[in-house]
Structure formats: structure tokens, C-alpha cells
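Fold and geometry: a report
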Amino acid sequence: MNAAPADQIRLLDLQAIDSKLDQLAHRRRSLPEHAEIDKVNADHTALKDLVVAAQAQHGDTTRELTKAEQDVEQVRARSARNQQRLDSGAITSPKDLENLQHEIGSLAKRQGDLEDVVLEVMERLESAQTRVTELTARLEHSTVVLTEAEGRRDAAFAEIDGEAEKVRRDREAVAAVIPADLMKLYAKLRETQGGVGAARLYQRRCEGCRTEFSITELNSIKAEPADKVVRCENCGRILIRTADSGV
Ligand SMILES: [Zn+2]
């Protein structure tokens, strides 16, 4: 392949631009915010589940309390009815009176036990409420942390994308004047050679793979016409001869 020496040198400019674009893309992918957001997101999801579970627990305990209070109320009402009957004087049989007093006594004991249950459930309800409040606050905090990290990521994206846009405009101008066949070879090499398709020959080395050429190799490169597209024997990249290449 042949190409004017000036076009070959332009390929080095293009390479510098493409490397810059690669760096920007790499920076975009490896922003520390990505890992941070993943972590906060995982915490956020876990917290959401905990809030849902705590709310369910709170709901269950609320229903349990209603039931326990109803149990107390039933016993209290029955006890009151018995007391009324006793106070009314309608019951005269000593046996019936004794039974009634006995029942009133049992109900008082039963009411006391059920009131203890109410107190115990109220304590658990309070703990459940505290847990819901605490977890909800943590969830709100994690939302703030997440939003903040996403904001920093988006700001970094905007900066990188803005810079990349400028570099791409430069690229268009440079690429427009390079012959199509040279561009095609360069693009193919860039794909297979880690993003570097064209390298300068400098101080007897290929700057793509750092191989140092022997005098014989250097002499055969020197012997090539200036418009010949030379390739590095080691890495296959387009080897660009410039004024300070020493050939
Ligand atoms: Zn090389």
C-alpha cells in the first residue's frame, strides 16, 4: 500500500485523537460513582424489604392489640352484668348467690390476665412502630445518598461527553483527508492491536510495541520509498516515519 508521507503523518494525529477518545470512554466506564451507586442501590433494595417486613409486623401487632382489647372488654361487660344482677337483689337463693360471686371472682382474675396481655402487646406494638420509624428514616437517607451519587455520575458524564464531542469534531476534520484504504487498514489494526493501529518509528523503535529494530531491519525500512506504507515486523502496526525517526 502507498500513501503520501503527509497522510501517513496525519494518521499519527488520528491515532492520538482515537486514543484520547478511548481514554474518555474508559474514564466514563470506570467512574468510582458506578461502584458506589451499585452498593447504595443494593442497600436501598434491602432496606425497602426491611421496611415492608416491619410494616407488616406493625399491622399484625395492631390487629393483635384490637383482639386483646376486645377480649378484655367482653370479660369486663360480663362482669358488670353479673355485678348488676348481684346488686339488684333479685337473686335470693344462697347457692345461686355463691355461684354468682364465684363467677365474679373468676372473671376479675381473667380480666387481670387479659389486661396483662394487652400491656404486653402494646409494648410490642411500640417496638414495631419504633422499628418502622427507624427503617423509614434510613430508607429516606439512602434515597438522598443515591440521588446525590447519581447526580455526581451524571455531572461527570456530561463533562466527559462534552469533551468527547469536541474531540470527535477534530477527528472528523483529520479523518476526512486521509485516503480510504489507509483508513481501513488503520481501523482494522486498531481493532486487533488494542486500539493502536499506527505507531511512530522513533529511536530505532516501533512505538506501538517498543521493539527495537536491528541495523539491518532499519536499513531495509530506510530503503523503502517515502510513500510506501511500512508495517512493523513484530506487531504489524503501520509504522510511520517522521523527520525525527532517524531514517
Ligand atoms: Zn511494533
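Residues numbered from 1 in each chain as written. Predicted model: local features only at pLDDT ≥ 70, side-chain atom pairs only at ≥ 80, totals over all residues. Heavy atoms only, no water.

**Let's talk about the side chain of Gln-8**
The condition is simple: Secondary structure elements follow DSSP: runs of H or I no shorter than four residues count as helices, runs of E no shorter than two count as strands, and numbering proceeds from the N terminus. The buried label goes to any residue with under 20% of its type's maximum accessible area, the exposed label to any with over 50%, and the partly exposed label to all in between, with areas taken from a 1.4 Å probe on protein chains only. Residue contacts are defined here by distance: any two heavy atoms, one from each residue, within 4.5 Å place the two residues in contact.
Relative to the assigned elements, Gln-8 resides in helix H1 (residues 5-29). Classification of Gln-8 by relative accessible area gives buried; the value is 2%. In this structure, Gln-8 is in contact with Ala-3, Leu-182, Ala-226, Asp-227, Lys-228, Val-229, Leu-239 and Ile-240, ignoring residues within four places of it in sequence.

**Section: the packing of H1 against helix H3 (residues 94-176)**
Definition in use: In this analysis an axis means a line fitted to C-alpha atoms, helices contributing only their contacting stretch, and an angle means the value between N-to-C directions, from 0 to 180 degrees. Each angle is binned into one of four classes, with values under 35 degrees roughly parallel, values over 145 roughly antiparallel, values of 65 to 115 roughly perpendicular, and all other values oblique. Each crossing gets its handedness from the near helix: less than a right angle anticlockwise from the far helix is left-handed, clockwise is right-handed. Gly falls in the polar group here, along with every residue not listed as nonpolar (Ala, Val, Leu, Ile, Met, Phe, Trp, Tyr, Cys, Pro) or charged (Asp, Glu, Lys, Arg).
Two elements in contact, H1 and H3, have axes whose closest approach is 10 Å; the angle formed by their N-to-C orientations is 165°. One finds that H1 runs roughly antiparallel with respect to H3. Note that H1 runs across H3; the crossing there is left-handed. Contacts between H1 and H3 involve Arg-10, Asp-13, Leu-14, Ile-17, Asp-18, Lys-20, Leu-21, Leu-24, Arg-27 and Arg-28 from the first element and Phe-157, Glu-159, Ile-160, Asp-161, Glu-163, Ala-164, Val-167, Arg-168, Asp-170, Arg-171, Val-174 and Ala-175 from the second. Residue composition of the contact of H1 with H3, by class: ten nonpolar, no polar and twelve charged.

**Overview of the UniProt feature "domain: CT398-like coiled coil hairpin" (unreviewed entry) in the chain**
Operational definition: UniProt positions are given in the numbering used here, feature names are shortened, and annotations may be inferred rather than shown by experiment.
As recorded in UniProt, the feature "domain: CT398-like coiled coil hairpin" (unreviewed entry) lies at residues 14-194. Regarding residues 14-194, the helix share stands at 93% and the strand share at 0%, and the terminal C-alpha atoms are separated by 15 Å.

**Notes on the pattern of salt bridges**
Basically, it comes down to this: One side-chain nitrogen of Lys or Arg within 4 Å of one carboxyl oxygen of Asp or Glu is enough to make a salt bridge.
On inspection of all chains with the given rule, the structure shows 27 salt bridges. For the salt bridge of Glu-212 with Arg-205, the shortest nitrogen-to-oxygen distance reads 3.5 Å. A single network of salt bridges, built from pairs that share partners, joins Asp-18, Asp-22, Arg-171 and Arg-190.

**Some points on the coordination of the zinc ion**
Perfect tetrahedral coordination of a metal by four donors corresponds to 109.5 degrees between them, and perfect octahedral coordination by six donors corresponds to 90 or 180 degrees. Where we set the bar: Only nitrogen, oxygen and sulfur atoms qualify as donors, and only when within 2.8 Å of the metal (3.2 Å in the case of Na, K and Ca); with water excluded, sites may look incomplete. Geometry is assigned from the angles between donors: four donors with all angles from 85 to 135 degrees make a tetrahedral site, four or six donors whose opposite pairs exceed 155 degrees while the rest stay between 65 and 115 make square planar or octahedral sites respectively, and everything else is labelled irregular.
The protein atoms donating to the zinc ion are Cys-206 (SG), Cys-209 (SG), Cys-232 (SG) and Cys-235 (SG), with metal-donor distances spanning 2.3 to 2.4 Å. Each of the four donor atoms around the zinc ion contributes to a set of angles spanning 103 to 114°, which defines the coordination as tetrahedral. In primary-sequence terms, the residues that donate to the zinc ion follow C-x2-C-x22-C-x2-C. With Cys-206 in strand E2 (residues 205-206) and Cys-235 in the loop between strand E3 (230-231) and strand E4 (238-241), the pair connects residues that are 29 residues apart, well separated along the chain.

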